[in-house]
Amino acid sequence: MAEETCQSCHSEQVQDWQSSHHYHAMNPATPEFVLGAFDGQKVDYQGASLTLSQDNGTFFITTKHPEQGIKKQTIKYTFGYEPLQQYMVADERGGYAFIPLAWDSRTKAQGGQRWFVLHPDQMPNDEFHHTQMGQNWNHMCADCHSTDFEKNYDLDKKQFASRYSQVNVSCGACHGDSNQHLAWAKGDKEIKNKGFANNIGTQVALFTQQSDGTMQAVGEQTYSEQLQVCATCHSRRAQLAPRDDSKDFLDLFRPSLVTPELYHVDGQIFDEDYVWGSFLQSKMFAAGVTCSNCHNPHSGKLKLEGNQTCTQCHSAEQFDSKQHHGHSPGIAGSQCVDCHMPETTYMQVDPRRDHSLRVPRPDLTIKTQAPNACNTCHEDKTPQWAVSAIKSWHPDSTRMGSEHFSLAFHAADQGLPNASQLLTRIAQNSQYTDIIRASALARMRNFPDQNTLVAISRAVRDEEPLKRLGAISAAQGFTPAQRYRLLQPLLSDPRLAIRTEAARSLAGLLSVPFPDNLKGKEREQLEKALEEYRQTERFNAERSSSHTNLGNLALELGKPDEAKAHYEQGIEIEPIYIPAYVNLADLHRRLGNEQQAQKVLKQALEIDANNADVHYALAMSWVRQKDRKKAKDHLKIAAKYGSVNHIYTYGLLLNEMGERQQAMTQLEKAFALNPNNPDLCYTLVQLHISAQNYKEALRFASKLQQLVPNDPQIQALVQKLTMMQSVSGN
């Protein structure tokens with residue numbers, strides 16, 4: 001839908017759109033759109049000198065490297081415009097890549113009007129280095145920043161032939177194809193919904209606050225697909241298939257839940273989460289509020305300034321007052337968003353607000369270390385101070401200390417013994433939003449017990465698709481046969497994201513020997529859904545991760561040659577993707593070729609010399625060859641750069657080699673990082689017993705008893721150590 005066509009009837013909307021971030025999402029690199037100072041400035045970058053210049057309206061970046069020589073590239077497109085603007089050049093894949101510099105378009109008073117290195121810590125072997133696929137427009141950005149984008153990646157040629165209908169986010173990106181709408185506008189009144197594929201109006205015009213504090217919709221709520229349409233870009237998600245206006249969000253994308261990698265334990269944004277996952281946690285969403293209740297959908301700007309955005313529904317007398325927020329008007333803390341939508345800065349200069357619209361809970365900071373809006377501003381104060389301040393303003397409030405899902409999520413992340421019970425309560429409690437209940441289910445994967453079994457059984461039958469998606473993750477801790485009994489109904493789920501996730505989870509059943517293998521229609525159903533899974537991975541064939549996933553699947557299905565081909569193709573496409581090397585090496589190990597496994601891992605170290613997973617895999621290879629000294633050398637590096645598990649394994653090896661004191665140091669380091677690991681506690685108990693340090697052995701045994709309560713053997717161990725410590729005094 002070209003803007004010229006829309007202009008004739010919708011001039012105000014087009015004018016609003018031309019001032020929006022959507023309009024500036026991507027544009028040709030012409031003087032009209034380029035904001036950066038291409039005036040001959042030079043910027044040092046990783047041993048090279050970058051010069052930004054222009055000639056008769058064409059913009060260039062020239063890289064001068066002492067070893068690689070001089071390379072001059074033409075800037076083809078701008079990307080965004082405030083608070084920063086990025087620039088794109090053609091790459092060798094037939095697509096576009098970003099230069100390593102961005103222009104800070106803020107005012108000088110704000111610290112802007114300067115060039116800066118966007119990812120200063122990213123080295124050439126990092127995904128987001130400007131030479132890698134993490135900075136490739138065709139894969140990472142185009143689907144949301146242009147209209148009707150078609151990726152068109154040719155795997156054989158390793159080339160893109162991408163195209164779009166509009167360079168930026170135009171009318172059709174949200175409204176869909178205009179042909180039916182134009183026919184409706186010309187008088188064909190038999191056409192439904194004004195000819196648009198999606199109904200993206202607001203669900204209700206306004207809400208008002210009642211005398212009891214509750215919110216009441218003004219007028220009847222209507223069905224709207226607005227959030228689903230917005231979510232296709234404003235969510236953290238993986239794309240599974242080409243866009244299709246007629247399909248459900250979960251037929252095209254697999255959204256991320258509230259996971260530790262992306263969100264703080266209480267659901268606040270941590271990584272770049274793009275609003276949708278936050279907003280789904282909010283009371284606003286639960287009440288039927290949509291994006292356009294607050295934002296002008298064409299300009300993207302707020303409909304009203306400041307607190308008026310909130311007081312269009314909430315009582316200004318009650319909430320826009322010092323009595324409520326405790327701050328004088330006009331200073332930080334007096335705006336609703338200061339407390340209820342705190343900012344997190346991404347890309348160095350781009351602050352984005354959390355859209356979960358939560359009440360600040362400094363009491364949860366004390367318990368879970370989750371941030372809170374009060375101490376984000378008052379950095380010199382403690383959470384206890386913030387709790388006292390809020391209680392002084394609202395002495396009758398019961399909010400502080402009330403139940404919150406973050407306590408269950410924190411218990412799960414810490415591996416506490418009561419986590420399963422707590423998560424089950426969240427997953428099955430309708431007072432929580434669906435995304436939080438789904439995320440509770442996802443965290444249950446590490447607790448395959450009766451509580452989890454019941455929660456999965458109920459979630460699989462739930463109408464809310466996010467909970468069904470969470471149930472698939474929860475089932476991973478059970479045996480394949482148990483998983484099949486739980487998840488089999490999802491193989492025919494109407495949403496592609498759910499069908500394919502369920503199929504991948506159950507794929508191993510296709511290689512189970514007779515007579516326990518799947519047969520007949522059950523087998524056909526799984527194979528059909530699994531082929532759909534393969535198609536979703538092929539859709540992203542430009543990424544090594546997709547080929548690695550297909551290799552893992554082939555290996556699980558007993559097809560090692562096919563798996564090897566996938567891993568090798570993944571390495572060819574993205575040589576920096578280390579999991580492809582690790583998995584290929586493990587395949588060689590399974591086939592009994594230890595030398596080839598080591599060769600692959602050494603190739604990986606040429607890409608990333610300090611990669612913990614590669615050093616760990618090499619260490620295990622030397623262990624299998626009974627060369628503990630070489631294994632120790634690699635485990636030492638893995639422990640330095642890796643996870644608690646790497647440190648734990650290093651400690652175990654040191655102990656086996658008789659280096660008891662060094663082993664103790666490593667194991668206690670691991671314990672400090674993860675004090676809720678029963679195996680680690682038990683190992684430390686045994687080491688301290690062997691050193692006749694019964695006091696320390698008792699300390700770790702007591703911790704073990706907390707982690708594994710009601711275990712008679714552990715109880716007996718604690719009693720024995722109590723007596724031994726009392727007798728020996730050690």
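Each chain has its residues counted from 1, running along the sequence as written. Side-chain atom pairs in this predicted model are given and counted only at pLDDT of 80 or more, local residue features only at pLDDT of at least 70, and totals for whole chains, interfaces and linings cover all residues. Excluding hydrogens and water, the side-chain values take into account all heavy atoms of the structure.

### Re the state of the cysteines
Reasoning step 1: Cysteine sulfurs are considered disulfide-paired once they come within 2.5 Å of each other. Following the criterion strictly, the structure yields 0 disulfides and no others.
Reasoning step 2: Cysteine C374 is unpaired, with the sulfur of C339 as its nearest cysteine sulfur at 6.1 Å.

### Focus: the pattern of salt bridges
Opposite charge on two side chains lets them pair, provided their charged atoms get close.
Reasoning step 1: The salt bridge definition used is simple: a Lys or Arg side-chain nitrogen within 4 Å of an Asp or Glu carboxyl oxygen. Using the criterion set out here, one finds 33 salt bridges in the structure.
Reasoning step 2: Note that D104 is salt-bridged to R106, the shortest N-O span being 2.7 Å.
Reasoning step 3: Burial classes: relative accessible area under 20% of the type maximum marks a residue as buried, over 50% as exposed, and values in between as partly exposed (1.4 Å probe, protein chains only). D104 sits in the buried class, given a relative accessible area of 0%.
Reasoning step 4: Exposure remark for R106: the relative accessible area of 23% places this residue in the partly exposed category.
Reasoning step 5: For R361, the salt bridge identified is with D363, shortest N-O distance 2.8 Å.

### A few points about the packing of aromatic side chains
By convention here, two paired aromatic rings are described through the distance between centres and the angle between planes.
Reasoning step 1: Between rings of Phe, Tyr and Trp, where Trp is taken as its six-membered ring, a pair exists when centres lie within 6.5 Å; planes separated by under 30 degrees are stacked, by over 60 edge-to-face, and by other angles tilted. A full pass over the atoms with the stated rule returns 19 aromatic pairs.
Reasoning step 2: With a centroid separation of 5.6 Å and an interplanar angle of 55 degrees, the aromatic rings of Y87 and W115 are classed as tilted. Taken together, the positions of Y87 in strand β7 (residues 84-90) and W115 in strand β10 (residues 114-117) put the pair 28 residues apart, joining distant regions of the chain.
Reasoning step 3: In this structure Y87 comes out as buried when scored by relative accessible area, which is 0%.
Reasoning step 4: Connected via pairs of aromatic rings, a cluster forms that spans F38, F59, Y87, W103 and W115.
Reasoning step 5: A positively charged side chain is recorded as over a ring if its NZ (Lys) or CZ (Arg) lies within 6 Å of the ring centre. The angle to the ring normal must also be within 35 degrees. Against the face of F700 rests R699, its NZ or CZ located 4.3 Å from the ring centre. Counting from the N terminus, the helices are the DSSP runs of H or I reaching at least four residues and the strands are the DSSP runs of E reaching at least two.

### Observations regarding the pairing of strand β18 (residues 350-353)
Reasoning step 1: Strand direction decides the pairing type here: strand β17 (residues 343-346) and β18, joined by 4 bridges, are antiparallel. When the sheet's bridge partners are listed, Y346 is paired in β18 with D350. Strands pair, by our definition, only if DSSP identifies at least two bridges between them.

### Thoughts on the nonpolar core
Reasoning step 1: Judged by nonpolar contacts, the single largest core of 63 residues is most densely connected at F409, I456 and L487.
Reasoning step 2: Considering each element in turn, this core owes the most residues, 6 residues, to helix α21 (residues 434-443).
Reasoning step 3: Non-local contacts of I456, meaning those with residues more than four positions away in its chain, are made with L441, A471, A474, A475, F478, L486 and L487.
Reasoning step 4: For the purposes of this section, nonpolar cores are sets of buried Ala, Val, Leu, Ile, Met, Phe, Trp, Tyr and Cys residues that join through side-chain atoms within 4.5 Å. Formed by 34 residues, the second largest nonpolar core is a distinct cluster that contains W622, C681, L717 and V718. We call two residues contacting when some pair of their heavy atoms lies within 4.5 Å.

### Topic: the packing of helix α25 (residues 496-506) against helix α26 (residues 520-539)
Reasoning step 1: Fitted lines through C-alpha atoms serve as axes, helices being fitted only where they are in contact, and the angles separating the N-to-C directions of these axes extend from 0 to 180 degrees. Packing of α25 against α26 brings their axes to within 8 Å, and their N-to-C directions diverge by 110 degrees. In terms of their interaxial angle, α25 and α26 are classed as roughly perpendicular. The residues of α26 that touch α25, namely those facing L496, R499, T500, A503, R504 and L506, are L526, A529, L530, E532, Y533 and T536.
Reasoning step 2: By the convention adopted, Pro, Cys, Tyr, Trp, Phe, Met, Ile, Leu, Val and Ala count as nonpolar, Lys, Arg, Asp and Glu as charged, and the other residues, Gly among them, as polar. Of the residues contributing to the contact of α25 with α26, the split by class is 7 nonpolar, 2 polar and 3 charged. For classification, angles of less than 35 degrees are called roughly parallel, those exceeding 145 degrees roughly antiparallel, those between 65 and 115 degrees roughly perpendicular, and all remaining angles oblique.

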